[in-house]
Amino acid sequence: MGSSDKKKREKKKDFNKAKLKVGKAKAKAANFTDTSFKSKSIVVNQHTLAALDGVDLVGLFKQHLNQAINSKSDKLRQEALVQLTKDLSSKPIFNPVGVPNLLTKLLPLITDSVANVRTNFLKLLRALPPSDVAPHVEKILMYIRGGMTHLSTDIRSDTLSVLDWLIEVCPDETVSCPGGWLKTLNSFSSMLGWNPSVASTLSVKGWTSATKTSLNKVSKKNGDAQAKQITILAKFLEAGFRPETPLPYDEQRYWDSIYRMPTIPNPFAYLNLWGAQRDEDGEMYPDRISRQQVFERKWRAAIKTGVMTAKQEGGVTGRAASVLDKVLRTAAAEEEGAKKVVEEQEQEQESVEEVEVVEA
């Protein structure tokens, strides 16, 4: 009898509710695991055990470059970019692979999924000499346009920071390279929803532009992003409408341009002798007049309508739209002034010809 009662009590124990008492800890479960222990680990900052003394600096630079591109670790990619930036910022600049190879390998980082990697990549770009960046503006713009139409708002915003840097260091090359003018404006159209094909049907009534088809969604964060987009667009148009500064006459430069070999890569790019056939969007617009003409024909109506609507938004978006409107008005005034000068010159030429005919 005793053993059978004991077995019954043990079976009942699983279904009995434990009585909690004040001041006493709750009983631990039968399958409780103690996780209060601590483990020690060794962190290796670099994937190499070689000492820095006597190490091959060229090999180390290439190793950092390879880590920035291929490493699966976000932190390691970030640290590799920091080290590359230090090398490029040193005096003299240490870049054994050259700017073309460096840009070819690192430009895909514009759309990297990690914000710190994109930020450090922009710092690396700022360390490059502008004279070395100018020949590669067309390639850089290809990646920038890809980032401007990315689905991620943060990536689009960081890509605009790269475009802002490019306009700052190479303004003329940015707006005059093949595809640099119209293709970039097309990317801005995708971001802002300012479609030139429907510019005449866009309504300027109401107090919001959120219903338009664009990559921006309605939120305070995206409102700030739209203000940044409009600000960078204003800088881009300002660079495109800036009058060319004529160089003073230099006899030596004149003869060098005729008889000496060009000192810039691909000096006859505007002829497109060996490249694929370009359409209107991919064409070069090397001077202000040609850029203004195609802008007037394709984009002024859409951007003007978008600016009027953005002004009604108020806040940072409205202020950015006012800056863009000022750029458009200044460009229109300069264009009108240039037309008047040309008309006056033509009238003077006609009067001179008439006088010559009468005298004859």
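Residues numbered from 1 in each chain as written. Predicted model: local features only at pLDDT ≥ 70, side-chain atom pairs only at ≥ 80, totals over all residues. Heavy atoms only, no water.

With respect to the pattern of salt bridges
Part 1 of the reasoning: Considering all chains together, one arrives at ten salt bridges under this definition.
Part 2 of the reasoning: Its salt-bridge partner being R260, residue D256 comes within 2.9 Å of it at the nearest N-O pair.
Part 3 of the reasoning: Residue D256 is classed as partly exposed on the basis of its relative accessible area of 25%.
Part 4 of the reasoning: Through salt bridges that share partners, D74, R77 and D112 make up one connected network. (Salt bridge = Lys/Arg side-chain N within 4 Å of Asp/Glu carboxyl O. Buried < 20%, exposed > 50% of the residue type's maximum accessible area, 1.4 Å probe, protein only.)

Observations regarding the packing of helix α3 (residues 74–89) against helix α5 (residues 115–126)
Part 1 of the reasoning: Relative orientation of the contacting elements α3 and α5 amounts to 10 degrees, with a least axis distance of 9 Å. When the interaxial angle is binned, α3 and α5 end up roughly parallel. Contacts from D74, R77, Q78, L81, V82, L84, T85 and L88 in α3 reach N116, V117, N120, F121, K123 and L124 in α5.
Part 2 of the reasoning: Here the residues of the contact of α3 with α5 sort into seven nonpolar, four polar and three charged. (Axes fitted to C-alpha atoms, helices over the stretch in contact; angles between N-to-C directions. Helix = DSSP H or I, 4+ residues; strand = E, 2+ residues; numbered from the N terminus. Parallel < 35°, antiparallel > 145°, perpendicular 65-115°, else oblique. Contact = heavy atoms within 4.5 Å. Nonpolar A, V, L, I, M, F, W, Y, C, P; charged D, E, K, R; others polar.)

Some points on the confidence of the model for the protein
Detail in the predicted coordinates should be disregarded across regions flagged by low pLDDT.
Part 1 of the reasoning: Across the protein, pLDDT averages 81, with 82% of residues at or above 70.
Part 2 of the reasoning: Considering only residues more than four positions removed or in separate chains, one finds that residues 199–213, a stretch of pLDDT under 50, has 25 contacts. (pLDDT = per-residue confidence, 0-100.)

So, the nonpolar core
For soluble globular proteins, nonpolar side chains are generally found buried alongside one another.
Part 1 of the reasoning: Ranked by internal contacts, the top residues of the largest apolar core, which has 68 residues, are L106, W181 and L237.
Part 2 of the reasoning: No other element matches the nine residues that helix α11 (residues 220–241) contributes to this core.
Part 3 of the reasoning: Discounting chain neighbours no more than four positions away, the residues touching L237 are W181, L185, F295, I303, L324, V327 and L328. (Core = buried A, V, L, I, M, F, W, Y, C linked by side-chain atoms within 4.5 Å.)

Notes on the packing of helix α7 (residues 137–148) against helix α8 (residues 153–169)
Part 1 of the reasoning: For the pair α7 and α8, the least separation of the axes is 8 Å and the interaxial angle reads 155 degrees. As judged from the angle between their axes, α7 and α8 are roughly antiparallel. Crossing handedness for the pair α7 and α8: left-handed. Residues V137, I140, L141, I144, G147 and M148 of α7 form the contact with α8, whose own contacting residues are I155, R156, T159, L160, V162, L163, W165 and L166.
Part 2 of the reasoning: For the contact of α7 with α8, the residue count by class is eleven nonpolar, two polar and one charged. (Left-handed = near helix turned anticlockwise from the far one by under 90°.)

Some points on a nonpolar patch on the surface
Part 1 of the reasoning: Where nonpolar side chains cluster on the molecular surface, the patch consists of Y249, Y254, W255, I258 and Y259 and spans about 650 Å² of accessible area.
Part 2 of the reasoning: Turning to its location among the elements, Y259 is positioned in helix α12 (residues 251–259).
Part 3 of the reasoning: What makes Y259 exposed here is its relative accessible area of 65%. (Patch = residues over 30% accessible without salt bridge, like charges linked within 9 Å, V, L, I, M, F, W, Y side chains within 5 Å. Areas by Shrake-Rupley, 256 points an atom, 1.4 Å probe, with all protein chains shown as cover.)

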